[in-house]
Amino acid sequence: GKGEYDHYMAKEIDTQPTALSNTIEGRVENGNVAFEDLPVGTFADVETVQFVACGTSYHAAMYGSQLLRSAGVRAEVLRASEYEQTAGPVDENTLVVAVTQSGETADTLDAVRRATDRGARSLAVTNVVGSTAAREADDAIYIRAGPEVGVAATKTFSSQAVTLALLTQRIAADVPTATPVDDREAMLESLEDLPEHVETVLETTNAESLAREYIDSDSYFFIGNGLGHSVALEGALKFKEITYEHAEGFAAGELKHGPLALVTQETPVFAIATGDDEKTKTNAIEARTRGAPIVAVAPDDHPIADAADRQLSIPDTHPVWAGLLANVQLQLVSYHAAALLERPIDKPRNLAKSVTVE
Ligand code: M6R
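Quick caveat, the model's predicted, so the values are computed rather than measured.

(A) The site of the ligand, seen in detail. The ligand sits among 13 residues. The nearest are Ser57, Thr100, Ser102, Thr105 and Glu241. Threonine 56 places a polar main-chain atom, nitrogen or oxygen, 3.1 Å from an oxygen atom of the ligand. In this structure, threonine 105 approaches the ligand through a side-chain N or O atom, which is 2.4 Å from an oxygen atom. If the ligand stood free it would expose 410 Å²; the protein chains cover 90% of that surface. Most atoms of the ligand, that is more than half of them, are within 2 Å of grid points of the largest pocket. In terms of residue count, helix α3 (residues 55-70) provides more of the shell around the ligand than any other element does, three residues in total. By residue class, the composition of the shell around the ligand is four nonpolar, seven polar and two charged.

Here's what the structure looks like:
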């Protein structure tokens, strides 16, 4: 049950440190990534990786796909519902990775079936042991987040992103043409601190007062670049689904190509810092010039904080994990905004936890 919590979502946000420790447990040894049933060399034949997913899982897949490309492996991320029309060539050297918390999402299962019919090899990254995705795929990796009851995906996003980051290192280690990132060791080392850093965010967050301050706004925008883009999209999805307020996420550099027309004093802009954030900073300044309140989601000493009216602070960490800490702050903002608006947080109207129709 939800115990002392008012909502499952609050519990699921709050238990992320434990969920993440379970996700990581035993998977990094002596600077190498190991997955239970997938021996070294298992991805040696992989030439291209196609991630397929929907909703929040798609945002986690964006994260993974960017990391894999930066390790020199060809990778793309496709919306599972668009797979039929948008997937490029697939063969036996294609690994299709289905990212699905429930393992039952019809669009995602359909995309995997289409890819495997054309000869691709498949891997399910899921939370549910024995789910359809886990059973149908050639291999499965579990994110080990524990059961998630709230319709809004929270802890499973964090665990998916970490699992996928680890998977990219496992794949890059096997693929002969890959160029594993130089600071791989530092990245894996700082992963050990992630559960503690999430704990710090949970203990020190000012998300509730921030939500209260901006609750009467017209619209809420989330911007980021690189890994921050996926976090911006996820921040906006969470916000709209549980508050019923209009929210949108953008790649920071896209703001001036259209959405800036919507920016006023009544549209707070959450600027998400994940490391290389020059574009996020300059575009946040553009929005600020148009009167928008800017909320930096960033470490205290980050340059983006200078361009902001308010801040949701995150601990300093490796850039690969910073976006996950920013995302926890955004989960909390959405939760508190929805609570202030008295929305049915765990069961938003019109939505289902697992979407088993196409
Ligand atoms: O079970 P899945 O991960 O395949 O679900 C995909 C989406 O329906 C899901 O991530 C949805 O977007 C979230 N519940 C939104 O919070």
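(B) Structural view of the environment of valine 151. Secondary-structure assignment places valine 151 in the loop between β7 (139-142) and α7 (155-174). When the C-alpha atoms of valine 151 and alanine 207 are compared, they prove to be 21 Å apart, with 56 residues separating the residues in sequence. Excluding residues within four positions of it along the chain, valine 151 makes contact with Glu241, Asp346, Lys347, Pro348, Leu351, Ala352 and Lys353.

(C) Examining the environment of aspartate 216 more closely. Within the element layout of this structure, aspartate 216 appears in the loop between α10 (207-214) and β8 (220-224). Given a relative accessible area of 71%, aspartate 216 falls into the exposed group. Along the chain, aspartate 216 and glutamate 266 lie 50 residues apart, while their C-alpha atoms are 8.1 Å from each other.

(D) Summary view of the pattern of salt bridges. Considering all chains together, one arrives at 15 salt bridges under this definition. One salt bridge in this structure joins arginine 144 and glutamate 36, with 2.9 Å as the shortest N-O distance. Of the two residues, arginine 144 sits in the loop between β7 and α7 while glutamate 36 sits in the loop between β2 (32-33) and β3 (48-53), which places them 108 residues apart along the sequence. Since its relative accessible area comes to 45%, glutamate 36 is described here as partly exposed. With a shortest N-O distance of 2.8 Å, aspartate 110 and arginine 114 are connected by a salt bridge. With aspartate 110 and arginine 114 both in helix α5 (residues 106-117) and four residues apart, this pair spans about one turn of that helix. A relative accessible area of 18% places aspartate 110 in the buried class. Taking the relative accessible area as the measure of exposure, arginine 114 reaches 28% and is therefore partly exposed. Salt bridges sharing partners connect three or more residues here, namely Arg27, Glu36 and Arg144.

(E) Here's a closer look at a negative patch on the surface. A cluster of acidic residues, Glu4, Asp14, Glu185, Glu189, Glu192, Asp193, Glu196, Glu199 and Glu203, forms a negative patch at the surface. At the level of secondary structure, the elements contributing two or more residues to the negative patch comprise α8 (184-191) and α9 (194-204). Of the residues forming the negative patch, the biggest block, three residues, is contributed by α9. Checked against the element boundaries, glutamate 4 lands in the segment before α1 (8-14).

(F) Examining α9 more closely. For α9, the full list of buried residues reads Leu194, Pro195, His197, Val198, Val201 and Leu202. Projection of α9 onto a plane perpendicular to its axis shows the buried side chains occupying an angular sector of 165 degrees, all on one side. For α9, the exposed residues lying more than 90 degrees away from the buried face are Glu196, Glu203 and Thr204. Where α9 is buried, its residues meet α1, α2 (16-24), α7, α8, β12 (310-313) and α13 (319-340).

(G) Examining the layout of surface pockets more closely. If you add up the space inside the largest pocket, you get close to 630 Å³. Around the largest pocket, the lining is made up of 28 residues, and of these Cys54, Gly55, Thr56, Lys353 and Val355 lie nearest the centre. The set of elements that each furnish at least two residues to the lining of the largest pocket consists of α3, β5 (94-100), α5, α7 and α11 (227-243). Looking at the lining of the largest pocket, its residues break down into nine nonpolar, twelve polar and seven charged. Forming the boundary of the second largest pocket are 17 residues, of which Gln66, Leu67, Leu227, Pro319 and Val320 lie nearest the centre. Contributing elements (two or more residues each) for the lining of the second largest pocket: α3 and α13. If one sorts the elements of the lining of the second largest pocket by residue count, α3 sits on top with three residues.

(H) Broad picture of the sheet that holds β12. Overall, parallel pairing links the five strands, which are arranged β9-β8-β10-β11-β12 in an open sheet. For this open sheet the edge positions go to β9 (247-251) and β12, each flanked by a neighbour on one side alone. With strand direction ignored, the average angle separating the axes of adjacent strands in the sheet is 20 degrees. Here β8 pairs with β9 via five bridges, running parallel. Within β9, the residue paired with glycine 224 across the bridge is alanine 251. Packed onto the sheet, α11 meets β8, β9 and β10 (269-272) and runs at close to 175 degrees relative to β9.

Conventions we followed
Residues numbered from 1 in each chain as written. Predicted model: local features only at pLDDT ≥ 70, side-chain atom pairs only at ≥ 80, totals over all residues. Heavy atoms only, no water. Near = heavy atom within 4 Å. Polar contact = N/O pair within 3.5 Å; in protein donor to acceptor, adjacent residues only side chain to side chain. Areas by Shrake-Rupley, 256 points an atom, 1.4 Å probe, with all protein chains shown as cover. 1 Å grid on protein atoms, 1.4 Å probe; cavity = no way out; pocket = protein on both sides within 12 Å on 5 of 7 lines; lining within 4 Å. Sits in = over half its atoms within 2 Å of the grid points. Helix = DSSP H or I, 4+ residues; strand = E, 2+ residues; numbered from the N terminus. Nonpolar A, V, L, I, M, F, W, Y, C, P; charged D, E, K, R; others polar. Contact = heavy atoms within 4.5 Å. Buried < 20%, exposed > 50% of the residue type's maximum accessible area, 1.4 Å probe, protein only. Salt bridge = Lys/Arg side-chain N within 4 Å of Asp/Glu carboxyl O. Patch = residues over 30% accessible without salt bridge, like charges linked within 9 Å, V, L, I, M, F, W, Y side chains within 5 Å. Lys, Arg positive; Asp, Glu negative; His and termini not counted. Charge placed at Lys NZ, Arg CZ, Asp CG, Glu CD. Arc of directions from axis to C-beta. Points joined across faces, edges and corners; volume = space filled by probe spheres on them. Pairing = 2+ DSSP bridges. Axes fitted to C-alpha atoms, helices over the stretch in contact; angles between N-to-C directions.

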